[in-house]
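Letter by letter, the chains look like this.
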Amino acid sequence: MADKKNLLLLFEHPTEPVFMDKGGNGTLFDVPTSYVTERYNKMCKNVQRRVSASGFEKCVLVKEIEIPDLSCPMRLGRSEQFSHFLKSHRQMASALIDVFIKMPTVDELQSVAVYARDRVNPVLFNYALSVAMLHRPDTKDLGLPTFAEIFPDHFIDSQMIRNMREESFVVEQTAARLPVVNSVKYTASDFDVEHRLWYFREDMGVNLHHWHWHLVYPIDAPDRSIVDKDRRGELFYYMHQQIVARYNAERLSNHMARVQPFNNLDEPIAEGYFPKMDSLVASRAFPPRFDNTRLSDVDRPNNQLRVGIDDMKRWRERIYEAIHQGYVFDDNNEKIALDDVKGIDILGNIIEASALTPNSTLYGDLHNKGHMLIAYSHDPINKHLEYAGVMGDSSTAMRDPIFYKWHAFIDNIFQEHKRQLTPYEKKDLSFPDVRVQSIEVESQGKINRLTTFWQESDVDMSRGLDFVPRGHVLARFTHLQHHPFSYTITVENSSEATRYGYVRIFMAPKMDDRNNPMPLEEQRLMMVEMDKFVVTMPPGSQTITRNSTESSVTIPFERTFRNLDQLEELENFMCGCGWPQHMLIPKGRAEGLSFDLFVMVSNYEDDKVEQKAADCGCSIAASYCGLRDRLYPDRKSMGYPFDRSIRRGSEILDRFLTPNMRAVEVIITHESRTEKLSELPARS
């Protein structure tokens with residue numbers, strides 16, 4: 001019986017032949033002759049003897065089976081670009097996922113994966129095998145390698161790739177190899193105002209979060225249950241809304257106005273973006289977009305993509321009409337109500353056009369085709385045979401300033417629905433007999449003052465560097481970081497019984513772009529979820545302490561920047577979806593930036609969800625990613641209590657508060673210093 005951990009080796013060195021050594025220890029797949037591609041059929045064994053001349057740890061036997069039909073996923077060329085935003089590509093991926101899912105044993109899954117690996121597009125293969133392994137009962141407990149370690153070209157500039165190849169080839173001993181430094185100024189100069197946000201848009205952890213979320217929540221799949229996860233459409237709305245809210249907090253931290261939605265598709269895109277990255281699979285540069293580029297109708301027959309600006313406007317108007325009518329039509333022309341419970345979930349599936357959309361003919365494919373309309377804006381009719389820009393890939397889209405304008409536009413549609421709902425009254429917000437007496441945040445001995453700074457961290461990119469000598473090759477990143485902090489919340493339960501509460505913590509800037517106090521109707525859209533957890537409250541007063549590293553929003557720091565000495569320990573991290581811990585709080589300003597920290601304790605008896613037993617559940621980062629194989633762990637609407645318009649008379653936060661809430665001002669200060677990883681040299 002095959003060791004299922006061997007499947008993880010198939011992700012490594014994605015463009016090398018499958019029979020080449022894997023795992024950094026010379027592990028080889030003993031591939032049946034009929035599985036080897038024609039080019040290497042006669043030399044496969046000789047190559048394996050050559051690469052294993054110094055010895056290898058093990059040989060993985062691959063069982064020869066009858067291979068299912070792979071003609072559909074093989075339609076995408078090995079060197080072409082894969083995008084799950086394209087329906088034709090999703091169909092190919094879905095076909096391959098179906099093959100992987102239906103393999104009855106790990107042995108047979110390994111066999112068909114080995115066969116497919118050298119015949120299918122490498123990124124499509126990675127996506128399909130990842131989705132399949134996350135959803136097969138016998139493999140979902142495996143921790144997948146991060147996408148950045150397998151495809152570093154999606155996260156670093158081409159010069160770094162070149163330098164890492166040189167370091168790997170010239171320096172034989174791994175311990176003597178120097179980390180290659182990722183410059184913070186490689187995509188633009190200070191003349192570009194948007195480049196002030198390089199640390200957010202180009203952060204590896206932020207982009208990995210976006211890629212992994214779309215991996216956990218695929219748009220299409222052969223088995224409806226893979227797509228039809230609890231409140232999937234609402235999660236699409238909420239996760240992206242939170243990204244825009246966090247981005248706006250960073251803009252204010254940098255003395256910039258909040259992002260303006262891309263409402264008028266006929267206007268030029270003011271901001272250009274030059275990614276400076278090369279795709280190692282496509283052997284092409286990711287195309288730039290120049291300042292003031294105008295969108296045009298896209299006609300790319302090779303990708304079965306044809307979308308016009310008028311199509312986008314028509315879909316948008318139909319969705320707005322449905323929101324104002326309070327219902328949508330399904331494929332059978334039956335009405336489905338957009339109520340205050342399921343309405344946002346239905347809209348999420350319509351706008352993303354997932355397999356769960358009730359009527360794709362009527363409401364179209366607004367979100368995905370919007371991405372591709374922008375991604376092909378430099379070459380809409382394939383005149384110059386150019387591939388899509390970074391907006392066409394979920395692992396690179398967040399690097400581009402237009403991503404946030406586009407998603408601010410998308411969020412406006414969701415907010416229009418939310419504005420139709422009745423605002424929460426005090427009775428919807430209160431928790432009788434429970435009062436939050438005080439709240440404070442402590443970091444390094446300072447109360448209600450948080451500090452950010454720059455930090456260096458290393459990531460091993462060797463598993464994604466193909467056709468070079470083996471051994472660790474490190475990329476050194478500079479990223480935002482903050483000192484850990486803790487919340488101290490004092491709560492009084494005046495009843496005679498033990499009560500259970502759901503603590504909800506949010507944070508938003510106090511002042512707007514013009515340094516005026518922010519009305520709550522605006523501020524609620526800036527509220528960033530920081531944490532959510534259950535507490536037990538016996539009668540009387542008690543103090544609750546919670547560390548920032550326990551946040552329900554984030555994944556551990558080590559999941560993004562792995563300490564090579566802890567790799568064995570990190571194999572237990574099964575859950576890669578989540579906001580990066582080092583980006584939990586905004587950068588702030590040198591002089592300090594004021595935020596309102598909001599704490600609410602709601603009645604857990606009203607909020608709890610009865611969960612079914614699950615063999616393998618991910619409990620971290622549930623706020624943005626849900627729980628694997630279980631229901632979303634909160635009955636309330638995502639973003640509650642700020643997901644609806646504010647009731648009359650509560651125009652500012654202080655007037656909104658009920659006794660089970662509390663708010664305090666927190667100052668975030670940025671120190672312009674870099675915490676070096678070590679005094680060891682590095683190459684730039």
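Anyway, here's the lowdown on the structure attached to this text.

Criteria and cut-off values
- Residues numbered from 1 in each chain as written.
- Predicted model: local features only at pLDDT ≥ 70, side-chain atom pairs only at ≥ 80, totals over all residues.
- Heavy atoms only, no water.
- Helix = DSSP H or I, 4+ residues; strand = E, 2+ residues; numbered from the N terminus.
- Buried < 20%, exposed > 50% of the residue type's maximum accessible area, 1.4 Å probe, protein only.
- Contact = heavy atoms within 4.5 Å.
- Pairing = 2+ DSSP bridges.
- Phe/Tyr/Trp six-rings, centres within 6.5 Å; stacked < 30°, edge-to-face > 60°.

**Structural notes on the environment of proline 275**
Then, number 1: Mapped onto the fold, proline 275 is located in the loop between helix H10 (232-253) and strand S4 (278-279).
Then, number 2: A relative accessible area of 1% means that proline 275 is categorised as buried.
Then, number 3: For the pair proline 275 and leucine 657, spaced 382 residues apart in sequence, the C-alpha separation works out to 45 Å.
Then, number 4: Leave out the neighbours within four places in its chain, and proline 275 touches Tyr186, Thr187, Phe286, Pro287, Pro288 and Val390.

**Digging into the pairing of strand S12 (residues 449-460)**
Then, number 1: The buried fraction of S12 amounts to 11 of the 12 residues, a majority that puts the element mostly inside the structure.
Then, number 2: Bridging between S12 and strand S21 (residues 661-675) involves six bridges; their strand directions are parallel. Counted as the bridge partner of threonine 452 is histidine 670 from S21.
Then, number 3: Where S12 meets strand S13 (residues 474-482), nine bridges bridge the pair, whose relative direction is antiparallel. Residue glutamine 455 lies in a different strand from S13, and its bridge partner there is histidine 479.

**Quick notes on the packing of aromatic side chains**
Then, number 1: Within this structure, the stated rule accounts for 31 aromatic pairs.
Then, number 2: Taking the centre distance of 5.0 Å and the plane angle of 75° together, the rings of phenylalanine 403 and tyrosine 404 count as edge-to-face.
Then, number 3: Between tyrosine 502 and tyrosine 604, the aromatic rings sit 5.3 Å apart at their centres with planes inclined by 90°, giving edge-to-face as the arrangement. Of this pair, tyrosine 502 sits in strand S15 (residues 499-509) while tyrosine 604 sits in helix H20 (residues 604-607), placing them 102 residues apart in sequence.
Then, number 4: You can call tyrosine 502 buried: its relative accessible area is 6%.

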